[in-house]
Amino acid sequence: MGHIVTNMVDTIFLGQISPTHQAAGILAANLYTLVLVFAIGVSYVLTPLVSSAQFESDELRKANLFKNSLFLNFVIALVSFAILFLSSGLLAHMQQPKEVVVLAKPFYNVLIFSMLPVSLFFTCKQYCEGLSLTMPALYISIIGNVLNIALNYALIYGVAFFPEMGYMGSAWASFIARSFMGIAFLGYIFYSPLTNSIKGVYQQAKINSVDLLRLVKNGLNSGAQFTFEVAAFVIAGLMAGVFGKEVIDAHGIALHMAAFTYMFGSGISSATTIVVGNCIADSNWLNIKKAVRSSIQLIIVGMGSCALIFILLNKVLPYAFTDDLQITIITSKLLIIAAMFQLFDGLQVVFIGVLRGVEDFKFPTLITLIAYWVIALPLAYLLAFINKMGVYGIWYALLISLIFVALTLYLRIRILIARNLQRT
């Protein structure tokens, strides 16, 4: 949840300035996130490979994987930064309110520098998760978010010796906090007693074609899968922007809260990937079946609780971000729809985690492409503009696509488990 909270904090602080500044931050973050998630998706393929090497107690193999992943993700981050830098002009051609675009451009130009540290953070995170170490990411994320809150306040308002930068202070606060998180995590891996065994063999590790090609092959599928999903949500946000800056704010706020609860499911998904990766190394499909069942139970309890909170507090939660009455009314209605897709959102990300653990990347990539680009976006346009449902039609289209992904991936997992249990 660490990186989602960073965006949420920025949105809250910007909302205290004005709805226009808040909308500008949301618009800038949307375009930035569209490219960022591809890099994050590529990093995710490291976990099951490290899990396998950990199961075999192969220190050199783990070091090779980490070094090759660092190299690959650094290159992707550089290319992504270049794409983002050259794409800043697109903000003016997205049919968003002009006053929002004017403020969004400089904010975006600072935000994109976070590409490198975020990519570094996720490479280290996925390596540690392959070792079944999930606490380091938690602690570093907490410290990074506390730093982001403090810097947002200090840089926006010019506290003590800090310059008063206004809304741009939020962009710089996020960049500094994310840089800390990436560098701190790399330092942890090489100096913590739990992970510093890599130091003894890291110099022997080589950037080699075998590991690099495997990471690229699986990583491109994983990155595309992330991008298909998030791009649909970004485009949905741009569709919402056509209805005005208040709708941009309401859509962004509701999406922040839905993304926050989604990270609970994402955490369960990461844990499932670790367990399944260990089971694959041991060819134990019975335990994979048990892991899937346990993950589903956790999602039902966790995401079901989140859905209940959204329903009960839908008129209260928006006030954490803004006191604008029009924005809070729209947001409260969107939270009811968000409550409806909590369960399916959690299930689909867990099922993706299971398939990632068995290194099945192509099928979920195809399913996400169909769900979000063949079903969600055309349906969003139909409901929002043709049927005149506005932003609510966009959210109902996203709900339908999430249900399709969850059900389809579940059937895929059942088939894989049944097929492999028959063989054993």
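See the structure shown above.
Definitions and limits used
Residues numbered from 1 in each chain as written. Predicted model: local features only at pLDDT ≥ 70, side-chain atom pairs only at ≥ 80, totals over all residues. Heavy atoms only, no water. Helix = DSSP H or I, 4+ residues; strand = E, 2+ residues; numbered from the N terminus. Rg over C-alpha atoms; globule rule 2.2 N^0.38 Å. Buried < 20%, exposed > 50% of the residue type's maximum accessible area, 1.4 Å probe, protein only. Salt bridge = Lys/Arg side-chain N within 4 Å of Asp/Glu carboxyl O. Axes fitted to C-alpha atoms, helices over the stretch in contact; angles between N-to-C directions. Parallel < 35°, antiparallel > 145°, perpendicular 65-115°, else oblique. Contact = heavy atoms within 4.5 Å. Nonpolar A, V, L, I, M, F, W, Y, C, P; charged D, E, K, R; others polar. Expected span 1.5 Å × (residues − 1). Polar contact = N/O pair within 3.5 Å; in protein donor to acceptor, adjacent residues only side chain to side chain. Left-handed = near helix turned anticlockwise from the far one by under 90°. Phe/Tyr/Trp six-rings, centres within 6.5 Å; stacked < 30°, edge-to-face > 60°.

Asker: Can you explain the overall build of the protein? Please cite residues and give values.
Answerer: Helix and strand counts for the protein stand at 15 helices and 0 strands. For the protein, the C-alpha radius of gyration of 21 Å lies close to 22 Å, the compact-globule estimate for 424 residues. If you line up the protein on its principal axes, its C-alpha atoms span 60 × 50 × 35 Å. Counting over 424 residues, the protein shows a buried share of 58%.

Asker: Let's hear about the pattern of salt bridges: which residues, and what values?
Answerer: Here the structure, examined in full by the defined rule, presents 6 salt bridges. Between glutamate 59 and lysine 62 there is a salt bridge; the shortest N-O distance is 3.1 Å. Placement of the pair is glutamate 59 and lysine 62 together in helix 4 (residues 59-86), with a separation of 3 residues, close to one helical turn. In this structure lysine 62 comes out as buried when scored by relative accessible area, which is 4%. When the shortest N-O distance is used, the salt bridge between glutamate 359 and arginine 214 registers 2.8 Å. Placement of glutamate 359 in the loop between helix 13 (325-357) and helix 14 (362-386) and of arginine 214 in helix 10 (residues 209-241) is noted, with a sequence separation of 145 residues between them. Residue glutamate 359 is classed as partly exposed on the basis of its relative accessible area, which comes to 29%. Relative accessible area serves as the criterion here: at 36%, arginine 214 is assigned to the partly exposed category.

Asker: Any details on the packing of helix 10 against helix 14? Residues and values, ideally.
Answerer: To describe two helices that pack against each other, one gives the angle between their axes and the distance between the axes. Interaxial distance between helix 10 and helix 14 falls to 8 Å at its minimum, and their mutual angle equals 10°. By the angle class used here, helix 10 and helix 14 are roughly parallel. Note on element contacts: helix 14 touches helix 10 through Lys362, Pro364, Thr365, Thr368, Leu369, Tyr372, Trp373, Leu377, Ala380, Tyr381 and Phe385, opposite Asn221, Ser222, Ala224, Gln225, Phe228, Glu229, Ala231, Ala232, Phe233, Ile235 and Met239. Of the residues that constitute the contact of helix 10 with helix 14, the class distribution is 15 nonpolar, 5 polar and 2 charged.

Asker: For helix 12 (residues 285-312), give the residues involved together with the corresponding values.
Answerer: If you check helix 12, its first and last C-alpha atoms are 40 Å apart, about what 28 residues at 1.5 Å a residue would give, namely 40 Å. Where helix 12 is buried, its residues meet helix 11 (245-281), helix 13 and helix 15 (390-423). The opening residue of helix 12 is asparagine 284, an N-cap whose side-chain oxygen sits 3.4 Å from the backbone nitrogen of leucine 286.

Asker: I'd like a rundown of the packing of helix 3 (residues 46-55) against helix 4, residues and numbers included.
Answerer: Where helix 3 contacts helix 4, the axes come no closer than 9 Å and their chain directions differ by 165°. Classed by the angle they form, the pair helix 3 and helix 4 counts as roughly antiparallel. Crossing geometry of helix 3 relative to helix 4 is assigned as left-handed. Note on element contacts: helix 4 touches helix 3 through Arg61, Lys62, Leu65, Phe66 and Ser69, opposite Leu46, Leu49, Val50, Ala53 and Gln54. Across the contact of helix 3 with helix 4, the residue classes tally to 6 nonpolar, 2 polar and 2 charged.

Asker: Kindly report on the packing of aromatic side chains, identifying the contributing residues and their values.
Answerer: All told, the structure shown has 20 aromatic pairs when counted by the stated rule. Taking the centre distance of 6.3 Å and the plane angle of 70° together, the rings of phenylalanine 113 and phenylalanine 175 count as edge-to-face. Taken as a pair, phenylalanine 113 in the loop between helix 5 (98-111) and helix 6 (115-130) and phenylalanine 175 in helix 8 (residues 168-191) lie far apart in primary sequence, 62 residues in all. Judged by centre distance (6.3 Å) and plane angle (55°), the rings of phenylalanine 233 and tyrosine 372 are tilted. Of the two residues, phenylalanine 233 sits in helix 10 while tyrosine 372 sits in helix 14, which places them 139 residues apart along the sequence. Its relative accessible area of 0% is what places tyrosine 372 among the buried residues.

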